[in-house]
Amino acid sequence: MEISDIIIKTIYAAIVVSVLMGFCSYAVLAERKVSSWIQGRVGPNRTTLPLLGSIPYVGRFLTRLGIFQPAADGLKFLFKEDVIPAHVNKLYFVLAPVLSLIPALTTVAVVPFGYFEHADGTITNLVLTDINVAILFIFAISSLGVYGVVLAGWASNSKYPFLGGIRASAQMISYELAMGISVLPVFMWLNGPGRDGTLSLVDVVNAQGGGLWFAMWMPFSFLIFLVCIFAETNRLPFDMAESETELVSGFHTEYSSFKFGLFFVGEYAHMIIGSAIIAILFLGGWHPLPFMTWADFGVTGWLSAVLSVGTLLGKLCGFLFFFMWIRWTLPRFRYDQVMKLGWQMLLPASIANLILYTIVIYFIDAP
Amino acid sequence: MPIVVKRKPLNLLEKLYLPEIARGLAVTFRRMFEKKVTLEYPEQRPPIPEGYRGVPTLVRDPEGREKCVSCQLCEFVCPPKAIRITPGEIPEDDEHANVEKAPKEFDIDMLRCIYCGMCQEVCPEEAIWLQNQYSMSGYTRAEMVNDKAKLYELGGTLPDEHFKWKKKKEASRSAGDHH
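Computed from a predicted model, the values in this text were never measured in an experiment.

Draft legend 1. Just the overall build of chain A, in detail. Helix and strand counts for chain A come out as 14 helices and two strands. For 367 residues, the compact-globule estimate of 2.2 N^0.38 gives 21 Å, and chain A sits close to it at 22 Å. Here the C-alpha coordinates of chain A stretch approximately 65 × 55 × 50 Å along the principal axes. By the burial criterion, 42% of the 367 residues in chain A qualify as buried. Look at the contacts in chain A between residues 6 or more apart in sequence, and 77% of them connect residues 24 or more apart.

Right under this line is the structure:
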């Protein structure tokens, strides 16, 4: 590999990660805004910047929308006192937030977010690395995120974080199974006899272009995967690890300032990656409509890149909204209910779904 | 005798849970577009009901005479001893000389005041009123003591036309100072 390649890749990676972080901070704002709208409040609407905020109408509108709030939130996390309680295991206590953020930022490497069609018709996929085992990579790395949570719970040396850590690990193990099995039909279809076998996410999106999206003819897979993503990202109604009404705030009770901020960003990064994965696997990725691709609209060149990335980001934001919407609709499950749902309902349902689609795919592919 | 409420067994759709989630989502989605209940405080103020007991203030009558005659009843009755009055004479050549006394100093320490309204209740001249102001703030303790000027500024004029002392003056003048 040329040295210039490495530099270019590093720059791309930096851009993608900073965009992801930007998305995280605005996801926090969106969370606060959506929460307050659903609860009949107005949400953050005071933070303003000296110059931008004083533009007539526009400045006021942006301020009311809370556009400048993430900057204030981030600065607050930076400048607050960073307490490390005396009773913690210092090394692991510091390590835990890093461990929960890194996997989330690593998985973004294999997530494709669009394509660029050159004038001569060749296509460059906009993805950091298009490895052929992308989905396995994502499952492997994103489930490492739970180590951050478990480590935080254990290193805090305090009972509520400890309970949160235990719950998080139990929940992760339970839902990873159903999640893995629920996406198998998709890849079974892609790797059917006579096709080029692939586990790449780019190929998943391309397979949905100009045809049915997977969510349409594999609705159960989609549903089970969606529920499992909620559990994997520790979002309500599955926020066992946090469950602030029972466990103070679960695994990050003892954390303050920037370490807490890292957990927070890690959680939102997980959410964003999860939303992107759902959109790519089941909702056609950057294809605007079922049976239609941007190429069918005659879009090429830079416009194709902008529109394809925009489409994927639109679907991603839709899912982010759905995450928040669900949060204010469903109450948290009890711990035993979570376990029951995971082991006695989702796992059998996903296995049944797998068997069903094995048969379906067999008959479709049958010569 | 406890009332036993029969719980209806769930039907299949309800047991599936998903249609009910959809209904719940519809409810929360509708809530997003309903009228917001937030009162954005410094710009929007809550309506203050009639007879609200806010910050105690001193009032003038419609002719601009200060109603307080410095009887010090409020100072005496004040449970937390927030009121300090230094009585003063009204000079002979004054228009309201027949009132005889007026406060030279009138301090209400708002760090002590408990907004009980006993000063208003006890005042024979209806000179001290708890009005609708409710937010007091300051950077020092001294700032939180309302002096006489501040109290009159907060209080304004009481629009009731008794003119007790004016009538007294007229009555005594018509009776040849025998009143």
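Draft legend 2. Layout of the overall build of chain B. Within chain B, the secondary structure is distributed over six helices and five strands. Ordering the α and β elements of chain B from the N terminus gives α-α-β-α-β-β-α-β-β-α-α. The C-alpha atoms of chain B give 29 Å as radius of gyration, which overshoots the globular expectation for 179 residues (16 Å, by more than 25%). Structurally, chain B occupies a C-alpha span of about 100 × 45 × 35 Å along its principal axes. The buried share of chain B, taken over its 179 residues, is 17%. Taking the contacts inside chain B whose residues are at least 6 apart along the sequence as the reference set, 70% of them involve residues at least 24 apart.

Draft legend 3. Quick look at the interface of chain A and chain B. On the side of chain B, eleven residues touch chain A, which itself brings nine residues to the contact. Of the residues that constitute the side of chain A that touches chain B, the class distribution is six nonpolar, two polar and one charged.

Draft legend 4. A look at helix H6 (residues 145-155) of chain A. All names here are of chain A. Within H6, nine of the eleven residues are buried, which leaves it mostly tucked inside the rest of the structure. Taken as a whole, H6 has its buried residues at Gly 145, Val 146, Gly 148, Val 149, Val 150, Leu 151, Ala 152, Gly 153 and Ala 155. As for H6, its buried residues are in contact with helix H4 (90-107), helix H5 (134-142), helix H7 (159-182) and helix H12 (257-282). Directly after H6, the chain includes Asn 157, whose backbone phi takes a positive value near 55°.

Draft legend 5. Examining the nonpolar core more closely. By size, the foremost hydrophobic cluster in this structure holds 89 residues, and its most contacted members are Cys 228 and Ile 272 of chain A. It is H12 of chain A that provides the largest number of residues to this core, a total of 16 residues. When near neighbours in sequence (up to four residues on either side) are disregarded, Ile 272 of chain A contacts Leu 20, Phe 23, Cys 24, Ala 27, Leu 316 and Leu 320 of chain A. Ranked by size, the runner-up nonpolar core spans 21 residues in total, among them Leu 58, Ile 83, Ala 127 and Trp 129 of chain B.

Draft legend 6. Quick look at the environment of Gly 285 of chain A. Residues and elements named next belong to chain A. The topology assignment puts Gly 285 in the loop between H12 and helix H13 (301-327). Separated by 26 residues in sequence, Gly 285 and Thr 311 place their C-alpha atoms 7.7 Å apart. Once residues within four sequence positions are removed from consideration, Gly 285 is found in contact with Val 205, Gln 208, Ala 279, Ile 280 and Leu 312.

Draft legend 7. Broad picture of the packing of H4 of chain A against H6 of chain A. Residues and elements named next belong to chain A. For the pair H4 and H6, the least separation of the axes is 7 Å and the interaxial angle reads 165°. By the criterion of interaxial angle, the relationship of H4 to H6 is roughly antiparallel. As for how H4 packs across H6, the hand of that crossing is left-handed. Contact residues: H4 offers Tyr 92, Phe 93, Leu 95, Ala 96, Pro 97, Leu 99, Ser 100, Pro 103 and Ala 104, while H6 offers Gly 145, Tyr 147, Gly 148, Val 149, Leu 151, Ala 152, Trp 154 and Ala 155. Grouping the constituent residues of the contact of H4 with H6 by class yields 14 nonpolar, three polar and no charged.

Draft legend 8. Structural context of the pairing of strand S3 (residues 101-109) of chain B. All names here are of chain B. Taken together, the seven bridges between strand S2 (residues 83-89) and S3 define a ladder with antiparallel strand orientation. The residue bridging Pro 87 from the neighbouring strand is Pro 103, located in S3. Pairing geometry for S3 and strand S5 (residues 145-146), over two bridges, is antiparallel. Of the residues in S5, the one forming a bridge with Ile 108 is Asn 146.

Draft legend 9. Structural view of the packing of helix H11 (residues 219-232) of chain A against helix H14 (residues 335-365) of chain A. All names here are of chain A. At a closest axis distance of 10 Å, the pairing of H11 and H14 adopts a crossing angle of 150°. Between H11 and H14, the angle falls in the class roughly antiparallel. Seen along the crossing, H11 lies across H14 with a hand that is left-handed. Contacts between H11 and H14 pair Phe 220, Ser 221, Ile 224, Val 227 and Cys 228 from the former with Leu 346, Ala 349, Ser 350 and Asn 353 from the latter. Class assignment of the residues belonging to the contact of H11 with H14 gives a composition of six nonpolar, three polar and no charged.

Draft legend 10. Structural view of unusual backbone geometry. Residues and elements named next belong to chain A. For Asn 234, which is not glycine, the phi dihedral falls at a positive 60°. Within the secondary structure layout, Asn 234 lies in the loop between H11 and H12. According to the C-beta neighbour criterion, Asn 234 is buried, with 27 such atoms within 10 Å.

Draft legend 11. Examining the confidence of the model for chain B more closely. Considering every residue of chain B, the mean pLDDT works out to 86; 98% of them sit at 70 or more. For this predicted complex, the interface confidence comes out at an ipTM of 0.75, alongside a pTM of 0.80.

Draft legend 12. Broad picture of the sheet that holds S2 of chain B. Residue and element names in this part refer to chain B. Within the open sheet, the three strands sit side by side as S2-S3-S5. Their pairing is antiparallel. The open sheet has two edge strands with one neighbour each: S2 and S5. In this fold helix H5 (residues 148-155) packs onto S3 and S5, with an angle of close to 85° to the strand it touches most, S3.

Draft legend 13. Layout of the confidence of the model for chain A. When the pLDDT values of chain A are averaged, the result is 84; 99% of them are 70 or greater. At the low end of the mean pLDDT range in chain A sits strand S2 (residues 123-126) of chain A, at 76; at the high end sits H11 of chain A, at 88.

Draft legend 14. Spatial organisation of the environment of Cys 68 of chain B. Residue and element names in this part refer to chain B. Counting through the fold element by element, Cys 68 comes out in the loop between strand S1 (56-58) and helix H3 (73-77). By the C-beta count within 10 Å, which is 27 here, Cys 68 ends up buried. Sequence separation between Cys 68 and Glu 126 is 58 residues, and the spatial gap between their C-alpha atoms is 7.9 Å. Contacts of Cys 68, omitting those with residues within four sequence positions, involve Leu 58, Ala 102, Pro 103, Phe 106, Glu 125, Ala 127 and Ile 128.

Analysis parameters
- Residues numbered from 1 in each chain as written.
- Chains lettered and ligands numbered in written order.
- Predicted model: local features only at pLDDT ≥ 70, side-chain atom pairs only at ≥ 80, totals over all residues.
- Helix = DSSP H or I, 4+ residues; strand = E, 2+ residues; numbered from the N terminus.
- Rg over C-alpha atoms; globule rule 2.2 N^0.38 Å.
- Buried ≥ 20, exposed ≤ 12 C-beta atoms within 10 Å, placed from the backbone.
- Contact = placed C-beta atoms within 7 Å.
- Nonpolar A, V, L, I, M, F, W, Y, C, P; charged D, E, K, R; others polar.
- Core = buried A, V, L, I, M, F, W, Y, C linked by C-beta atoms within 7 Å.
- Axes fitted to C-alpha atoms, helices over the stretch in contact; angles between N-to-C directions.
- Parallel < 35°, antiparallel > 145°, perpendicular 65-115°, else oblique.
- Left-handed = near helix turned anticlockwise from the far one by under 90°.
- Pairing = 2+ DSSP bridges.
- pLDDT = per-residue confidence, 0-100.

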